Amino acid sequence: MANNNCGESPLVQRFLKYVSIWTTSDDTTGTTPSTARQLDMARYLCDELTAMGLEDVSLDENGYVMATLPANTEGKPTIGFIAHMDTAPDASGENVKARIVSNYDGQDIVLNEAENIILETKAYPEILNYKGQDIIVTDGTTLLGADDKAGVAAIVSAVEYLMAHPEIRHGKIRIGFTPDEEIGEGPDHFDVAKFGADFAYTIDGGAIGELEYENFNAAKAKITFHGVNVHPGYGYKKMKNSQLIANRFMYLLPPDETPAHTQGYEGFFHLIGMQGSVEETVLNYIIRDHDREHFEARKACIEEMVSLLNREYGEGTVEAEIKDQYYNMREMVEPKMYIIDLAKEAMKAADVTPIVQPIRGGTDGARLSFMNLPCPNIFTGGMNFHSRFEYLPIPSMEKAMQVVIQIAQLAQAI
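For clarity, every value in this text was computed on a predicted model and none was experimentally measured. (Residues numbered from 1 in each chain as written. Predicted model: local features only at pLDDT ≥ 70, side-chain atom pairs only at ≥ 80, totals over all residues. Heavy atoms only, no water.)

A.B. asks: Please clarify how the pattern of salt bridges should be interpreted in this entry.
C.D. replies: Pairing is possible between side chains that carry opposite charge, provided their charged atoms lie close to one another. If you walk through the whole model with that rule in mind, you get 13 salt bridges. Here Arg14 ties to Glu160 by a salt bridge, and the two come within 3.2 Å at their closest N and O atoms. Here the residue Arg14 occupies a position in helix 1 (residues 10-19), and Glu160 occupies one in helix 3 (residues 146-164), the gap between them amounting to 146 residues. Relative accessible area serves as the criterion here: at 31%, Glu160 is assigned to the partly exposed category. (Salt bridge = Lys/Arg side-chain N within 4 Å of Asp/Glu carboxyl O. Helix = DSSP H or I, 4+ residues; strand = E, 2+ residues; numbered from the N terminus. Buried < 20%, exposed > 50% of the residue type's maximum accessible area, 1.4 Å probe, protein only.)

Right, dumping it as structure tokens:
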């Protein structure tokens, strides 16, 4: 389908440029940023922000980009807007081939005819909400990267708009772009004091209207099972197959407490990876729950099952390493609910209906909130994140940009 003028807008062209830069993070490297390719986008952004005329543009050794739009009025709070540069390792982010489907007709979208990859309305019925709109998709072999390059594009374009319209009065605005959010390490080296904002927003949500200040409490668990391998012909009362013990562990977990069976405020155990042999098997889980007591109970459940299996198979057979990742930001944001009210008013001013709901996930803002930077989350418009079926309705990203502008403007009332 032919592109219309929407695809020629600076916001869209900026987004298309960003997704062409490969920035997939990697939780196995132990470095920050976890992949050098993220620095390609960081350097590009620094050059872009400097050319725009922003002040205090910086890129530190860990890949964090910061810049300032100075205030054009006095006595107002410093507001931060934050997005992450990396894309999730769940699907390839290399050589993204994005295209615009103009005036979407409500039918299935053939992403890749040669490989028969189709974005089906039956599988993803939410796309029907965007009938008649221009939608950005991929060729079906990679994710798109709207998570969170749509957020980066919305922030940069909003600041560009404010610079071009000095009649809009606003306080000091700080923008920050982080690496490694997708592997849970985005705030690890974020310098809150240097950032210097009174409060901030991550522009990292999904469907238009989303406004979130509750998120999961999160932990990851690595469960290691040790076995004994002997020749199978002579294994009687000698062999201890770690894979079978791991299988027993998996089936001890509540079968209806997985991502496929939970929604809303319900938590879960999620098996994200396994590898094994007779001698050793490793299961990797993530543990999620909005309620802190339930979260702690889930971790205790893991430990109890490890103890049970060690009693059955011998002490030291099973080991668990559990590490907290982030906590529910609600307790840090609620004392400053005016920043939620501000976001609501900004959405209404942009003709967007606020949809306040808990995040079934986490953002950089969750941990930043516990680093004394209250930081709720606002939509970007992207859908089907971390998937080759990811797509982005262009009007939704435009609204995200407008909300950033409105927040800057309406903060004059604080």
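On we go from here.
A.B. asks: Hey, could you run me through the nonpolar core in this one?
C.D. replies: In a soluble, globular protein the nonpolar side chains are often hidden away together inside. Judged by nonpolar contacts, the single largest core of 73 residues is most densely connected at Phe15, Phe81, Ile175, Phe177, Tyr201 and Ile378. Per element, the largest residue contribution to this core is 10 residues, and it comes from helix 3. What Ile378 contacts, discounting residues up to four positions off in sequence, is Tyr201, Thr202, Ile203, Asp204, Gly205, Glu210, Leu211, Ala343, Met347, Val403 and Ile407. With 18 residues, the next largest nonpolar core counts Phe225, Leu253, Phe269 and Ile287 among its residues. (Core = buried A, V, L, I, M, F, W, Y, C linked by side-chain atoms within 4.5 Å. Contact = heavy atoms within 4.5 Å.)

A.B. asks: Hey, could you run me through the sheet that holds strand 12 (residues 268-276) in this one?
C.D. replies: With antiparallel pairing, the 4 strands of this open sheet are ordered in space as 12-13-11-14. With partners counted over all chains shown, the strands left at the sheet margins are strand 12 and strand 14 (318-326), one partner each. With direction set aside, neighbouring strand axes in the sheet form an average angle of 15°. With 8 bridges joining them, strand 12 and strand 13 (residues 280-289) adopt antiparallel strand pairing. Within strand 13, the residue paired with Phe268 across the bridge is Arg288. The sheet strands contacting helix 5 (residues 242-252) are strand 11 (217-226), strand 12, strand 13 and strand 14, and the helix crosses strand 13 at an angle near 15°. Contacts from helix 6 (residues 292-313) reach strand 11, strand 12, strand 13 and strand 14 within the one sheet, and its direction differs from that of strand 14 by about 165°. (Pairing = 2+ DSSP bridges. Axes fitted to C-alpha atoms, helices over the stretch in contact; angles between N-to-C directions.)

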